[in-house]
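In case you want the letters, here they are:
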Amino acid sequence: MQLFILSMLTQATIATLSPYLQIIFRNKGYSHSLSGTLIALCQLSAIIMPLIISSLSDKRGKTKPMIILCGVLSILLSMPFLLSESFPVVVASAFLLNGFFWCLNPLADGFINRKLSGDSSKYGVIRAMGTLSYVTALVLFGITGFPHENDNSSILTCMMIFLPLLVLGSLFLKEDKREKAVGEKGRLFSFSWFPKRFYLFMGIVALTRIGQSVVEKLLPSYMTENLGLGDSFVLFVALGAVFEFFCMIIFGKLNRKGILSSTTILTISAVGLVARLLLYLVPGLPAFILAQTLHGLTFGALHLCATSYTAANVDKNHYDLGMTLYWSLATNLPEMIGALCGGFIIDSFGYPMLFFSYAFFPLLAVILSIVFKKTLDGVKK
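Residues numbered from 1 in each chain as written. Predicted model: local features only at pLDDT ≥ 70, side-chain atom pairs only at ≥ 80, totals over all residues. Heavy atoms only, no water.

Participant: Before we go on, may I ask you to explain a positive patch on the surface in this structure?
Facilitator: A grouping of Lys122, Lys253, Arg256 and Lys257 is seen on the molecular surface, where their side chains present a positively charged patch. You can see Arg256 is positioned in helix H10 (residues 233–256). Here Arg256 falls in the partly exposed class, since its relative accessible area comes to 47%. (Patch = residues over 30% accessible without salt bridge, like charges linked within 9 Å, V, L, I, M, F, W, Y side chains within 5 Å. Areas by Shrake-Rupley, 256 points an atom, 1.4 Å probe, with all protein chains shown as cover. Salt bridge = Lys/Arg side-chain N within 4 Å of Asp/Glu carboxyl O. Lys, Arg positive; Asp, Glu negative; His and termini not counted. Charge placed at Lys NZ, Arg CZ, Asp CG, Glu CD. Helix = DSSP H or I, 4+ residues; strand = E, 2+ residues; numbered from the N terminus. Buried < 20%, exposed > 50% of the residue type's maximum accessible area, 1.4 Å probe, protein only.)

As structure tokens, this is what we get:
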């Protein structure tokens, strides 16, 4: 039960900031280019900080204190970030907040996977319940109009509800101290802890995340400004998360039964992302809605295969760090690059060019996942 609660509280908390980051900067009067640059800066912090925190977590053999620490610091840093009108204060607080805030996902995933001994089916169900919590939060936001998409103080109030709940819930987690592997005393990180195929897999995932940066970092303004969805834009984010919920469960079972390998799921996800980005080029709300339904493949299936691959190829003592490498280097780093370049593309050429050009990256991921399938699956030639 504690794993379900942790997953649900974590994902509900993610819902208070993730869909709103671009909008928060836009509410401060920043251009698309500047917003994209600042989002990239936030992503840089979300790369560096989780690597440090997860390494410390692995070294100490405890994840729970780190979850609580990151939650408390996120509470403190969110206030100057959302309320300050000083540009230097906004930049500094945004950098630090996003660093600690985005430690929550890999730490929670590492904790859950360790408890489940890497069972992808059970993880899929638990993570799906987290997604359900995320969906529920977004639906409530969309129906009630709270938080207001054009009011940063309203967004802050929402964060002040969920972050303390996560910290409080984490206090009751039960965790056994992990034993150190022989020869690892005092080491924060070593490339030898992970096989070469793990790095190759995450490299291909990273290519898809450049394309996914359109969805995760640059789509909210498109929905509110170009499609005129207003506060209800979060309902369309929730729609994608609904399909994510089912894909987590379905692909988790298919993976555990050996019907679909993690590499095959990665390929399917990349194909789905190519289709999703191209669908955004089709005018009208029906095509946009169809594109949103593919979120189940472009995030749900991919996240499931990435966590499953990590569990199968990483020693359990390094789950926190393995998941952080996935989140930091295979997700946040490429999304940082995507957001940084994307803001300038939007200002210079518009959203259609953004959607079309970024479809190249998941297409390349499809090709590489097919070419290197045997290596990724650990099959010797």
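On we go from here.
Participant: Is there a simple way to explain the packing of helix H9 (residues 196–226) against helix H15 (residues 351–358) in this structure?
Facilitator: The relative placement of two packed helices comes down to the angle between their axes together with the axis-to-axis distance. The N-to-C vectors of H9 and H15 enclose an angle of 160°; their axes lie 11 Å apart at closest approach. Comparing their axes, H15 and H9 come out roughly antiparallel. Judged by the sense of rotation from one axis to the other, the crossing of H9 with H15 is left-handed. Mapping the contact onto sequence places Ile210, Gly211, Ser213, Val214, Leu218, Leu219, Ser221, Tyr222 and Asn226 in H9 and Tyr351, Leu354, Phe355 and Tyr358 in H15. Among the residues forming the contact of H9 with H15, the class breakdown is 9 nonpolar, 4 polar and no charged. (Axes fitted to C-alpha atoms, helices over the stretch in contact; angles between N-to-C directions. Parallel < 35°, antiparallel > 145°, perpendicular 65-115°, else oblique. Left-handed = near helix turned anticlockwise from the far one by under 90°. Contact = heavy atoms within 4.5 Å. Nonpolar A, V, L, I, M, F, W, Y, C, P; charged D, E, K, R; others polar.)

Participant: Looking at this structure, how should I read empty space enclosed by the protein?
Facilitator: A water-sized probe, rolled over the atoms, reveals where empty space remains. With the rule as written, the count across this model stands at 2 cavities of 30 Å³ or more. Of the volumes computed, that of the largest cavity is approximately 420 Å³. Lining of the largest cavity is provided by 28 residues; of these, Ser18, Tyr134, Glu216, His295 and Phe299 occupy positions nearest its centre. Where the lining of the largest cavity is concerned, the elements lending two or more residues are helix H1 (2–14), helix H7 (120–144), H9, H10, helix H13 (295–313) and helix H14 (319–349). The element that contributes the greatest number of residues to the lining of the largest cavity is H9, accounting for 7 residues. Looking at the lining of the largest cavity residue by residue, the class counts come to 12 nonpolar, 9 polar and 7 charged. (1 Å grid on protein atoms, 1.4 Å probe; cavity = no way out; pocket = protein on both sides within 12 Å on 5 of 7 lines; lining within 4 Å. Points joined across faces, edges and corners; volume = space filled by probe spheres on them.)

Participant: Would you mind showing me how to read the environment of Val139 here?
Facilitator: If you trace the backbone, Val139 turns up in helix H7. Leave out the neighbours within four places in its chain, and Val139 touches Leu235 and Ala238.

Participant: Just to check I follow, could you spell out the packing of aromatic side chains for this structure?
Facilitator: Between two aromatic rings, the relevant description is the distance of the centres plus the angle of the planes. Here the structure, examined in full by the defined rule, presents 22 aromatic pairs. Where Tyr30 meets Phe87, the ring centres are 5.7 Å apart and the plane angle is 80°; that geometry is what we call edge-to-face. Of this pair, Tyr30 sits in the loop between helix H2 (21–27) and helix H3 (32–60) while Phe87 sits in helix H5 (residues 87–101), and the two are 57 residues apart along the sequence. For Tyr30, a relative accessible area of 11% translates into the label buried. (Phe/Tyr/Trp six-rings, centres within 6.5 Å; stacked < 30°, edge-to-face > 60°.)

Participant: Would you take a moment to explain the pattern of salt bridges for this structure?
Facilitator: A side chain with one charge can pair with a side chain of the opposite charge if their charged atoms come near. If you walk through the whole model with that rule in mind, you get 3 salt bridges. For the salt bridge of Arg26 with Glu225, the shortest nitrogen-to-oxygen distance reads 3.0 Å. Remark: Glu225 occurs in helix H9 and Arg26 occurs in helix H2; sequence separation between them is 199 residues. Overall, Arg26 belongs to the partly exposed group, its relative accessible area being 25%. Overall, the relative accessible area of 40% leaves Glu225 in the partly exposed class. The closest approach of N and O atoms between Asp377 and Lys373, which form a salt bridge, is 2.7 Å. The partly exposed category is assigned to Asp377, whose relative accessible area is 32%.

Treat this as a map of the structure, not an account of what it does.
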